[in-house]
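Single-letter residue listing:
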Amino acid sequence: MTTPPALLIAGHGNRDEGGAEALRALVRVLAARHPEVPVAGGFFGTPHSPLPLGDAVDELAERGATRIAAIPLLPAPTGPVAQTLPAALEEAAGRHPGLSYTCGAELGAHPKLLDVLERRLDEALGGGARRPEDRARTTVLLVGRGSADPYANAEAVRAARLLWEGRGFAGVETAFVTQAAPDVPAGLDRCTALASLAPGTGGRGRIVVLPYFFFPGGLLERLRMQTEGWAAVHPDTEVLGAGVIGTPAEVAEVVMERYRETVAGEALPSGRRAVAEDARSADGGERDERGGNDRSLDDQGGDEPSRDEHAGAR
């Protein structure tokens, strides 16, 4: 019987113990559901993480894994970063001769994640947007991390559009915590302008700020500070904050779906790019992450997907 590749869940840029515990919980859920697959998780792209990616690779190697499928726990590609996932894997796998790896696609705006986002909105509203007339006066600001790569940012815009469709909210706008426009205050200004045009609101709407990332930590704190600063000078606007995506059951299901796609060597869905293919250096120049240093699982890889299918958001 062939042993399946190990599953490595790769979070990005988090030093928060709460984020580490959420990832540990996801690993436990997947390990219990799929005992035939060795599972571990860790964070890349930041020093001093309480759950380093290298330690997770070491753990899998010690458990006898010779092949790893790494699934980035990200809603969108990172864009230019100081350390890419392939670079982090190359460094960690270099300590274990014979260990091969491949990188799968980020989770993206999967329908199950959109359901989780809607649930986070309902939690923030406390059930106050169950009726159509209540949702019609609520504008959502979906806030991504932000990147110097416009294609990475476009994934947040795409998710906003998909979240808006058919859910009855006045609109779903996008903003970014860092590196990209619009920033959070500008996004809130845009939501306010939309609320003034919505019928039946008397010019007064309600805004829910919805994080488009998985874990608590420094990024969430920056978002809260920016939101609170804006709300302090706009006391007449009701602004509510929603929770992060987290690691509920739906996330485990999507991670396993990406794992199976990666092991099977399937092409990415149209319009999608894996973090492994996001080969821009931090200074914006091109860098080849698919050359001789990239050790691909069973030498299988997906086709380069199109970049022209990113939809706009309302």
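Residues numbered from 1 in each chain as written. Predicted model: local features only at pLDDT ≥ 70, side-chain atom pairs only at ≥ 80, totals over all residues. Heavy atoms only, no water.

J.: Pulling in residues and values, what's your account of the layout of surface pockets?
T.: Which parts of space are left empty comes out when a probe the size of a water molecule is rolled across the atoms. Here the largest pocket is characterised by a volume of approximately 450 Å³. Lining the largest pocket are 29 residues; nearest its centre among them are His12, Leu74, Arg145, Phe213 and Leu219. Where the lining of the largest pocket is concerned, the elements lending two or more residues are helix 6 (150-164) and helix 8 (218-232). Looking at the lining of the largest pocket residue by residue, the classes come out as 14 nonpolar, eleven polar and four charged. (1 Å grid on protein atoms, 1.4 Å probe; cavity = no way out; pocket = protein on both sides within 12 Å on 5 of 7 lines; lining within 4 Å. Points joined across faces, edges and corners; volume = space filled by probe spheres on them. Helix = DSSP H or I, 4+ residues; strand = E, 2+ residues; numbered from the N terminus. Nonpolar A, V, L, I, M, F, W, Y, C, P; charged D, E, K, R; others polar.)

J.: Can you lay out helix 3 (residues 85-93) for me, pointing to particular residues and giving the numbers?
T.: Every buried residue of helix 3 is listed here: Leu85, Pro86, Ala88, Leu89, Ala92 and Ala93. All buried residues of helix 3 project into a common sector of 160° when viewed along the axis, lining one side. Close packing links the buried residues of helix 3 with strand 1 (6-12), strand 2 (39-44), helix 2 (53-62), strand 3 (67-72) and strand 4 (100-103). Its side-chain oxygen 3.2 Å from the backbone nitrogen of Ala87, Thr84 forms the N-cap of helix 3. (Buried < 20%, exposed > 50% of the residue type's maximum accessible area, 1.4 Å probe, protein only. Arc of directions from axis to C-beta. Contact = heavy atoms within 4.5 Å. Polar contact = N/O pair within 3.5 Å; in protein donor to acceptor, adjacent residues only side chain to side chain.)

J.: How would you summarise the pairing of strand 7 (residues 206-211) if you had to cite specific residues and measurements?
T.: Along strand 7, six of the six residues are buried, which leaves the element largely enclosed by surrounding structure. Neither face of strand 7 is left uncovered, since the one carrying Arg206, Val208 and Leu210 and the one carrying Ile207, Val209 and Pro211 both have all their residues buried. The sheet contact formed by strand 5 (residues 138-144) and strand 7 spans six bridges and is parallel. The residue bridging Val143 from the neighbouring strand is Pro211, located in strand 7. Pairing analysis gives four bridges linking strand 7 to strand 8 (residues 238-241), with the strands arranged parallel. Pairing of Arg206 across the sheet is with Glu238, part of strand 8. (Pairing = 2+ DSSP bridges.)

J.: Please provide a residue-by-residue account of the pattern of salt bridges, values included.
T.: Overall, the coordinates contain 18 salt bridges when judged by the stated rule. For Asp122, the salt bridge identified is with Arg135, shortest N-O distance 3.0 Å. Linking Asp122 in helix 4 (residues 111-125) with Arg135 in helix 5 (residues 132-135), this pair joins segments that are 13 residues apart in sequence. Residue classification places Asp122 among the buried residues on the basis of a relative accessible area of 14%. Residue Glu261 pairs with Arg258 through a salt bridge whose shortest N-O separation is 3.3 Å. (Salt bridge = Lys/Arg side-chain N within 4 Å of Asp/Glu carboxyl O.)

J.: Before we move on, can you summarise unusual backbone geometry with the specific residues and values?
T.: What is expected of a backbone is that most residues other than glycine have negative phi and most peptide bonds are trans. Backbone torsion omega between Ala181 and Pro182 reads 0°, so that peptide bond is classified as cis. You can see Pro182 is positioned in the loop between strand 6 (171-176) and helix 7 (184-197). Located in the positive-phi region is His48, a residue other than glycine, with phi close to 65°. Using a relative accessible area of 71% as the deciding quantity, one classes His48 as exposed.

J.: Any chance you could break down the sheet that holds strand 8 for me, citing the residues and the numbers?
T.: With parallel pairing, the four strands of this open sheet are ordered in space as 6-5-7-8. Taken across any chain shown, the strands that pair with only one partner, and hence form the sheet edges, are strand 6 and strand 8. Within the sheet, the average angular offset between the axes of one strand and its neighbour, ignoring direction, is 25°. Note: strand 5 against strand 6, six bridges, orientation parallel. The residue bridging Thr139 from the neighbouring strand is Gly171, located in strand 6. Set on the sheet, helix 4 makes contact with strand 5, strand 7 and strand 8; between it and strand 7 the angle comes to about 135°. (Axes fitted to C-alpha atoms, helices over the stretch in contact; angles between N-to-C directions.)

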